[in-house]
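Listed below are the residues making up each chain.
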Amino acid sequence: MCIFTVQKMAVHKKRYLKFVVFLLPVVLAGVYSGTSLPVWTMRAKAQKEDLTWASAAEKKMLRNLHTFLTEHTQNLHLLLEEVAQLGVEISSLKKERQELNQAALELASEIYVGRSDWALKSSGATIDMQRTSKTYDCKENWVCRILWFFRTPNPPDTILQPDVSPENCWPLQGHQGQVVIRLPARVHLTAVSVQHIYREVSPSGTVTSAPRDIAVFGVNADREEETLLGMFVYNVEKEAIQTFPLKDTHRAFSHIKLIVESNWGNTAYTCIYRAQVHGKMAKPENLN
């Protein structure tokens, strides 16, 4: 009986195991179908949407890139054309600059020749003392005598030198006078320059000793014939150095005479800081 019962239980146990083995795949399939499959479906759908959005974004980006490249390619062509045009203009400007430089050199050469100073002591110009006014003597003024005790008055050839520092002038006696300059060569005179100092740097704070009305004469070597070349006014309210054109007489002179007819108020003396003579040297005369 016991053995039968044991055998019967063994049979039931085998059937139960078969049922479990059969039921387990079904349960697993149900679990997979009920839970994992919907999740996988949702994930797949989300990935599809992501891919669709990414594809649309890429297409938009590509379209934008194409538009950008097209526009900038056109701009690049325009820039290249402008660069080429600028190259042509730069070449033209370089040519114009060369022409201007050449013209400036020619003008500078012409000015140098026309404005070279023939009244420089270092170049051989001298003062004709016999026809030049006396230098101011301040014996009548005791203050002046005290101040000038430690130095001598500047001679007339001071005006033939480039140093125009305050008080380094030639003081001619009175408010009228003259100076005759012997030139180093015969010159076709074109202009003269007269120089004083500015009021701001004057030791006395005034420029009353500056020349005012001046007449210029060309003088021959024998000193007998004089030719009036111009009359002008030196204006103390203008530049310290003032240049005045002279009348063209088509003649060359070896001497020039400057006559000071008045100054700006100083009755004791008139100061000339510098006189320059401009012109072109005459050709040597034919000795035959």
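Scroll up for the structure.
These remarks concern the structure in this document. Fair warning: this is a prediction, and the values are worked out from it, not measured in the lab.

### Points about the pattern of salt bridges
Enumeration over the complete set of coordinates arrives at six salt bridges. R274 is the partner of D117 in a salt bridge, and the nearest nitrogen-oxygen pair spans 3.1 Å. Of the two residues, D117 sits in the loop between α1 (2–115) and β1 (126–127) while R274 sits in strand β9 (residues 274–281), which places them 157 residues apart along the sequence. When its relative accessible area of 15% is taken as the criterion, D117 is described as buried. Ionic pairing is found between D157 and K121, a salt bridge with its closest N-O pair at 2.9 Å. Of the two residues, D157 sits in the loop between α2 (142–147) and β2 (170–173) while K121 sits in the loop between α1 and β1, which places them 36 residues apart along the sequence. K121 gets classed as partly exposed once you look at its relative accessible area, which sits at 40%.

### Focus: the nonpolar core
Nonpolar side chains in soluble globular proteins generally cluster together in the buried interior. Grouped together as the largest cluster of nonpolar side chains are 33 residues, with contacts concentrated most on I159, I181, L183, L189, V216 and I256. Mapped by element, the contributors of at least two residues to this core are β2, β3 (177–195), β4 (213–219), β5 (226–233), β7 (253–260) and β9. The leading source of residues in this core is β3, at eight residues.

### Some thoughts on the packing of aromatic side chains
Each aromatic ring pair is described using two quantities: the centre-to-centre distance and the angle formed by the ring planes. Going through the model one piece at a time under the given rule, you end up with two aromatic pairs. Centre to centre, the rings of Y136 and Y269 are 4.8 Å apart; their planes meet at 35°, and the pair counts as tilted. Taken together, the residues Y136 in the loop between β1 and α2 and Y269 in strand β8 (residues 269–272) connect sequence positions 133 residues apart. Ring geometry for F232 and F244: centres 3.9 Å apart, planes at 15°, overall stacked.

Definitions and cut-offs
- Within any chain, residue numbers begin from 1 and follow the written order of that chain's sequence.
- Selection of residues for local features in this predicted model requires a pLDDT of at least 70, selection of side-chain atom pairs for listing and counting requires 80 or more, and totals for whole chains, interfaces and linings are taken over all residues.
- Calculated side-chain values reflect all of the structure's heavy atoms, with hydrogen atoms and water omitted.
- The salt bridge definition used is simple: a Lys or Arg side-chain nitrogen within 4 Å of an Asp or Glu carboxyl oxygen.
- Helix numbering and strand numbering both begin at the N terminus, where a helix is a DSSP run of H or I of at least 4 residues and a strand a DSSP run of E of at least 2.
- The buried label goes to any residue with under 20% of its type's maximum accessible area, the exposed label to any with over 50%, and the partly exposed label to all in between, with areas taken from a 1.4 Å probe on protein chains only.
- Each nonpolar core is a collection of buried residues, namely Ala, Val, Leu, Ile, Met, Phe, Trp, Tyr and Cys, held together in the definition by side-chain atoms within 4.5 Å.
- Two rings belonging to Phe, Tyr or Trp (six-membered ring only in the last case) form a pair when the distance between their centres is within 6.5 Å. Interplanar angles under 30 degrees mark stacking, angles over 60 mark edge-to-face geometry, and anything in between is tilted.

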